[in-house]
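Each chain is listed here by its residues.
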Amino acid sequence: MTITSLAFLTPGNFADDDPYTGLEETRQLFEYGEQLGYDGAWIRQRHLEHGVGSAAVFLAAAGQRTERVELGTAVIPIGYESPFRLAEDLALADVLSHGRLQVGFSTGMPHAELLGDLVHDGDWRTFDLSYGRVARVVDNLRGNYLGGPDTMIESPGNTQRPRLQPHNPGLVNRIWYGGGSLRSARWAGESGLNNLLSRCSTPTA
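What comes next concerns the included structure.

### Overview of the overall build of the chain
A tally of regular secondary structure across the chain gives six helices and eight strands. Along the chain, helices and strands appear, N-terminal first, in the series β-α-β-α-β-α-β-α-α-β-β-β-α-β. With the principal axes as the frame, the chain shows a C-alpha extent of 50 × 45 × 45 Å. A buried classification covers 40% of the 205 residues belonging to the chain. Counting contacts in the chain only where the partners sit at least 6 residues apart, residues at least 24 apart contribute 66% of the total. Of the accessible surface of the chain, which amounts to about 11500 Å², a share of 52% is contributed by carbon and sulfur atoms. Averaging the positions of the 17 positive and the 24 negative side-chain charges in the chain gives two centres separated by 6 Å.

### Focus on helix α4 (residues 112–119)
The α-helix advances 3.6 residues per turn, and as a result positions three or four apart in sequence lie on the same side. Among all positions in α4, only Ala112, Leu115 and Gly116 are buried. Looking straight down α4, one finds its buried side chains confined to an arc of 115 degrees; they lie on one side. Turned more than 90 degrees away from the buried face of α4, the exposed residues are Glu113, Leu114, Asp117 and Leu118.

### Things to note about the packing of helix α1 (residues 19–36) against helix α2 (residues 55–63)
At a minimum axis separation of 10 Å, α1 and α2 run at an interaxial angle of 55 degrees. Here α1 is positioned oblique relative to α2, judged by the angle of their axes. Note on packing geometry: the crossing formed by α1 with α2 is right-handed. Every residue of α2 that contacts α1 at Leu23, Thr26, Arg27 and Phe30 is listed here: Phe58, Leu59, Ala61 and Ala62.

### Quick look at the nonpolar core
The biggest cluster of nonpolar side chains holds 36 residues, and the ones touching the most others in it are Phe30, Leu90, Leu101, Val103, Phe105, Val134 and Leu193. Where this core is concerned, the elements lending two or more residues are β2 (40–43), α2, β3 (70–77), α3 (83–96), β4 (101–106), α5 (131–141), β7 (175–178) and α6 (182–190). For this core, the leading source of residues is α2, giving six residues. In this structure, Tyr80, Ala112, Leu115 and Trp124 belong to the second largest nonpolar core, which totals six residues.

### Some remarks on the pairing of β4
Two faces, one strand: in a regular strand the side chains alternate between the faces of the sheet. Burial of β4 is extensive: six of the six residues sit out of reach of the surface. The alternating pattern of β4 places Leu101, Val103 and Phe105 and Gln102, Gly104 and Ser106 on opposite faces, both of which are buried. Across five bridges, β3 lies against β4 in parallel orientation. Bridged to leucine 71 within β4 is leucine 101. Chirality of the crossover, the property in question, places the unit of β3, α3 and β4 among those that are right-handed. Where β4 lies against β7, three bridges are found, and the strand directions are parallel. When the bridges of β7 are listed, glycine 104 appears paired with tryptophan 176.

### Thoughts on the pattern of salt bridges
Evaluation of the coordinates by the stated rule reveals eight salt bridges. Aspartate 123 is the partner of arginine 125 in a salt bridge, and the nearest nitrogen-oxygen pair spans 3.5 Å. Here arginine 125 falls in the exposed class, since its relative accessible area comes to 57%. The salt bridge partner of arginine 142 is aspartate 139, with a shortest N-O separation of 3.5 Å. Each of Glu24, Arg27, Glu31 and Arg65 takes part in salt bridges that share partners, so that together they form one network.

### Quick word on the environment of leucine 196
Summarising the element assignment, leucine 196 is placed in strand β8 (residues 194–196). For the pair leucine 196 and glutamate 88, spaced 108 residues apart in sequence, the C-alpha separation works out to 23 Å. If near-sequence neighbours (up to four positions away) are discounted, leucine 196 is found in contact with Trp42, Ala74, Val75, Gly104, Trp176, Tyr177, Gly178 and Gly179.

Conventions adopted
Residues numbered from 1 in each chain as written. Predicted model: local features only at pLDDT ≥ 70, side-chain atom pairs only at ≥ 80, totals over all residues. Heavy atoms only, no water. Helix = DSSP H or I, 4+ residues; strand = E, 2+ residues; numbered from the N terminus. Buried < 20%, exposed > 50% of the residue type's maximum accessible area, 1.4 Å probe, protein only. Contact = heavy atoms within 4.5 Å. Areas by Shrake-Rupley, 256 points an atom, 1.4 Å probe, with all protein chains shown as cover. Lys, Arg positive; Asp, Glu negative; His and termini not counted. Charge placed at Lys NZ, Arg CZ, Asp CG, Glu CD. Arc of directions from axis to C-beta. Axes fitted to C-alpha atoms, helices over the stretch in contact; angles between N-to-C directions. Parallel < 35°, antiparallel > 145°, perpendicular 65-115°, else oblique. Left-handed = near helix turned anticlockwise from the far one by under 90°. Core = buried A, V, L, I, M, F, W, Y, C linked by side-chain atoms within 4.5 Å. Pairing = 2+ DSSP bridges. Right-handed = clockwise from strand over helix to strand, strands pointing away. Salt bridge = Lys/Arg side-chain N within 4 Å of Asp/Glu carboxyl O.

So far we have only geometry, and geometry alone does not tell us how the molecule works.
So, in structure tokens, the structure goes:
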């Protein structure tokens, strides 16, 4: 096997009483990784922890401090996300970085017993928070027009057909799914997604 790309993953940790310093050091790590010749720099997304709670926001900032290195997230737990709003944030960060995002998703909701009712209206236990929610984000990133062929929206100085904006058609080809089972790997492949494997994963059927 020949390794053609080398990247690193960091949690972006920070101190409780000084979050800026830790986050700034993580941005500097991305810069340093690029200078060393790494092909990618990836961030973990975590909630309620001393780490990056919004990968899209962090990567948009990191993209302004780097020029070449791919900017990845491993992974965004899809259960806490609005499929359309997350797609908007990722698309904007991707455009700002000149198309360098590599976006990883997972299913589930870590700390659901604490956060579920804060994030969702209604009984979130009945919602589809698995493959279907990931597929909705991917569909939104495809940038299909909303409504019929004659549907138009107006904004100051502009009339246009409505779709996710900004739209970069290449982003949908840089989506990854982090699964822990053969079923997840099959779903990712059948859905046209790249597959993320953790060194800690022991795939099950």
